[in-house]
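# Structure assessment
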Amino acid sequence: MKVRELVQVLQALPDQDATVVIGEGAKPETWLIVSGVAECRIARVNEDHAIAGSEPAIEIV
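If you're wondering where the values come from, they're calculated on a predicted model, not measured in any experiment.

Calculation rules
- Think of each chain on its own: its residues are numbered from 1, step by step along the sequence as written.
- Under the rules for a predicted model, residues below a pLDDT of 70 receive no local features and side-chain atom pairs below 80 are neither given nor counted, while totals for whole chains, interfaces and linings still include all residues.
- The side-chain quantities take in all heavy atoms of the structure and omit both hydrogens and water.
- By definition, any uninterrupted DSSP run of H or I lasting at least four residues is a helix, any uninterrupted run of E lasting at least two residues is a strand, and each is numbered from the N terminus.
- Exposure categories follow from relative accessible area, calculated using a 1.4 Å probe and restricted to protein chains: below 20% of the type maximum is buried, above 50% is exposed, and the middle band is partly exposed.
- For this analysis, residues touch if any pair of their heavy atoms sits within 4.5 Å.
- Shrake-Rupley sampling with a 1.4 Å probe provides the accessible areas, and residues are treated as covered by the protein chains on show and by no other component.
- Two residue types count as positive, namely Lys and Arg, and two as negative, namely Asp and Glu; His and chain ends fall outside the count.
- Where a charge lies is defined by one atom per residue type: Lys uses NZ, Arg uses CZ, Asp uses CG and Glu uses CD.
- Only strands that DSSP links by at least two bridges are regarded as paired with each other.
- All axes here are fitted lines through C-alpha atoms, helices being fitted over the stretch that makes contact, and every angle between N-to-C directions spans 0 to 180 degrees.

## Observations regarding the overall build of the protein
Looking only at helices and strands, the protein features one helix and four strands. Along its sequence from the N terminus, the protein presents helices and strands in the succession α-β-β-β-β. In terms of overall dimensions, the protein has C-alpha extents of about 35 × 30 × 15 Å along its principal axes. Scored against the burial criterion, the 61 residues of the protein give a buried share of 16%. Within the protein, contacts between residues separated by at least 24 positions form 47% of all contacts whose residues are at least 6 apart in sequence. Carbon and sulfur atoms make up 53% of the accessible area of the protein, which amounts to about 5,000 Å² in all. Side-chain charges in the protein split into 5 positive and 10 negative, and the spacing between the mean points of these groups amounts to 6 Å.

## Concerning the side chain of Thr-19
Looking at where Thr-19 falls in the secondary structure, it is placed in strand S1 (residues 19-22). Those residues in contact with Thr-19 that sit more than four places away from it in its chain are Ile-42, Arg-44, Glu-55, Pro-56, Ala-57 and Ile-58.

## Things to note about the environment of Ala-52
Turning to its location among the elements, Ala-52 is positioned in strand S3 (residues 49-52). As a C-alpha pair, Ala-52 and Ser-35 span 17 residues in sequence and 21 Å in three-dimensional space. The contacts of Ala-52, once residues within four sequence positions are left out, are Arg-41, Ile-42 and Ala-43.

## Examining the sheet that holds S3
The mixed open sheet is built from four strands, whose spatial order is S1-S4-S2-S3. Edge positions in the sheet fall to S1 and S3, since each has one partner strand and no second. Taking the axes of each pair of neighbouring strands and ignoring which way they run, one obtains an average angle of 55° across the sheet. The pairing of S1 with strand S4 (residues 55-60) spans four bridges and is parallel.

Function cannot be inferred from these measures alone, as they are strictly geometric.
Printed below as a string of structure tokens:
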């Protein structure tokens, strides 16, 4: 997915206040390859960690 496509998908989502969650971002020199987005629900444990919960979120996969 290209950046422009990702932005268009995110802009089209009904909940513009959802938290965006990107997995596997802690490793240096790791590339982010996006294949789509998925609506989910999370609970924030801290600034860097979330678990399943009730807060609206969008997972970039």
